[in-house]
Amino acid sequence: MLALLAGLFLYVRSPWNTAQAQPIDQPVEFDHRHHVGDDGIDCIYCHTGAETSPHAGVPGTDVCMGCHGQIWSNSPLLENVRRSYFANQPLPWNRVHALADFAYFDHAVHVRRGLGCSACHGRVDQMARVEKVAPLTMQWCLDCHRAFEANPLTIPARATDGYEALQSALYEVNVTDELLRAGAVSSLTTCTACHR
Ligand code: HEC
Ligand code: HEC
Ligand code: HEC
Ligand code: HEC
Ligand code: HEC
């Protein structure tokens, strides 16, 4: 019995349960390392909703064809991209991050607060295939929210680590003390903030 409980405890805590670090097959071998690292394309160029809406969004193949109509336009690796574009059918990308419907998350709220993508997604610019680095459990959300409530100034400071410093000014910490204090949200740990 004890062993069973211990096993369950480990199961709950292990990345297996939260599908962390599990590479996911995709219809096209899209590589963030080339596009972000080598070519220096901004995250927002493709994930246009991240600073203005709840959903970051995944780009349509018209965005890909903006470049791949000209470069690597005969590459077999881009066959599915061309097919999708000319048939006007979105690529069936598989989701890497997906919360249950009963949990509400808003990208714009977090990104505008100065939290960079890497705070929650890790170094996507170094990933051949996107992996989930954070568990995305309720506990994970609450840990950060509690720390933020206790000291609103600690959280955005974390966004200065990693590649954000190299990204556009948007990701540099441009949040002032005044702004943080004025807009401090007191409901970050109430159930209805995330379960609406
Ligand atoms: C701003 C230009 C640009 C956009 C937009 C773009 N790419 Fe690329 N892509 C490149 C460049 C440049 C390369 C060459 C790879 C390198 O940097 O080594 C490349 C390489 C690739 C390759 C490898 C091709 C090969 O034969 O090795 C794939 C697959 C790919 N891109 C998929 C996509 C998809 C899918 C999208 C849309 C979501 C996209 N790209 C959007 C510029 C772009
Ligand atoms: C050229 C377009 C392009 C750029 C630039 C780009 N991405 Fe992506 N991103 C994609 C595409 C296409 C997918 C879907 C396929 C996949 O998961 O690899 C994706 C998937 C993702 C996912 C996983 C989505 C899911 O299903 O949960 C995350 C997280 C992500 N990108 C973050 C970033 C971050 C952070 C940056 C900047 C460092 C960035 N992306 C730059 C095109 C892009
Ligand atoms: C505070 C944590 C956090 C930050 C910061 C964050 N994300 Fe996310 N991201 C998430 C969560 C949680 C999900 C899953 C959302 C869902 O399923 O409703 C997600 C999902 C995504 C997806 C999948 C498609 C979608 O719209 O849900 C993409 C793409 C993505 N994020 C890109 C980005 C980019 C690019 C940035 C930086 C501009 C960023 N994220 C910043 C937590 C974050
Ligand atoms: C790394 C820190 C961090 C993580 C992780 C995080 N958040 Fe947040 N969250 C914040 C900050 C900072 C704010 C903005 C507080 C403010 O504006 O005063 C915020 C605000 C929110 C709000 C808006 C609250 C309101 O009343 O307006 C919701 C909803 C929310 N987060 C949901 C989530 C969910 C769901 C998750 C997990 C999937 C999550 N957050 C993960 C830092 C985080
Ligand atoms: C900061 C956001 C946030 C707050 C605040 C929050 N939750 Fe959650 N909750 C989540 C997320 C995220 C999940 C996991 C969703 C998933 O599995 O995709 C979750 C999951 C749950 C579950 C399903 C079981 C589980 O643990 O996965 C229950 C029940 C729940 N929450 C109840 C509550 C109650 C009751 C409160 C208030 C005391 C609360 N939540 C406050 C974000 C939040």
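A brief look at the structure comes next.

Rules used in this analysis
- Residues numbered from 1 in each chain as written.
- Chains lettered and ligands numbered in written order.
- Predicted model: local features only at pLDDT ≥ 70, side-chain atom pairs only at ≥ 80, totals over all residues.
- Heavy atoms only, no water.
- Core = buried A, V, L, I, M, F, W, Y, C linked by side-chain atoms within 4.5 Å.
- Buried < 20%, exposed > 50% of the residue type's maximum accessible area, 1.4 Å probe, protein only.
- Contact = heavy atoms within 4.5 Å.
- Donors = N, O, S within 2.8 Å, 3.2 Å for Na, K, Ca; no water.
- Tetrahedral: all angles 85-135°; square planar, octahedral: opposite > 155°, others 65-115°.
- Helix = DSSP H or I, 4+ residues; strand = E, 2+ residues; numbered from the N terminus.
- Phe/Tyr/Trp six-rings, centres within 6.5 Å; stacked < 30°, edge-to-face > 60°.

**Details of the nonpolar core**
Link 1 in the chain: In terms of nonpolar packing, the biggest core is built from 6 residues, these being Val-28, Cys-64, Met-65, Leu-78, Val-81 and Leu-91.
Link 2 in the chain: Residues contacting Val-81, with those up to four places away along its chain left out, are Val-28, Thr-61, Cys-64, Met-65 and Leu-91.

**Considerations on the coordination of the iron atom of ligand 3**
Link 1 in the chain: Around the iron atom of ligand 3, the protein supplies His-107 (NE2) and His-121 (NE2) as donor atoms, at distances of 2.0 to 2.1 Å.
Link 2 in the chain: Here the iron atom of ligand 3 binds 6 donor atoms, and the angle range of 88 to 179 degrees at the metal identifies the geometry as octahedral. Highlighted residues: His-107 in helix 7 (residues 107-112) and His-121 in helix 8 (residues 118-121), separated in sequence by 14 residues.

**Considerations on the packing of aromatic side chains**
Link 1 in the chain: The final tally for this structure, using the stated rule, is 1 aromatic pair.
Link 2 in the chain: A centroid spacing of 5.1 Å and a plane angle of 75 degrees characterise the contact between Tyr-85 and Phe-86, whose relative ring orientation is edge-to-face.

Remember, this is a structural readout, not a statement about activity or role.
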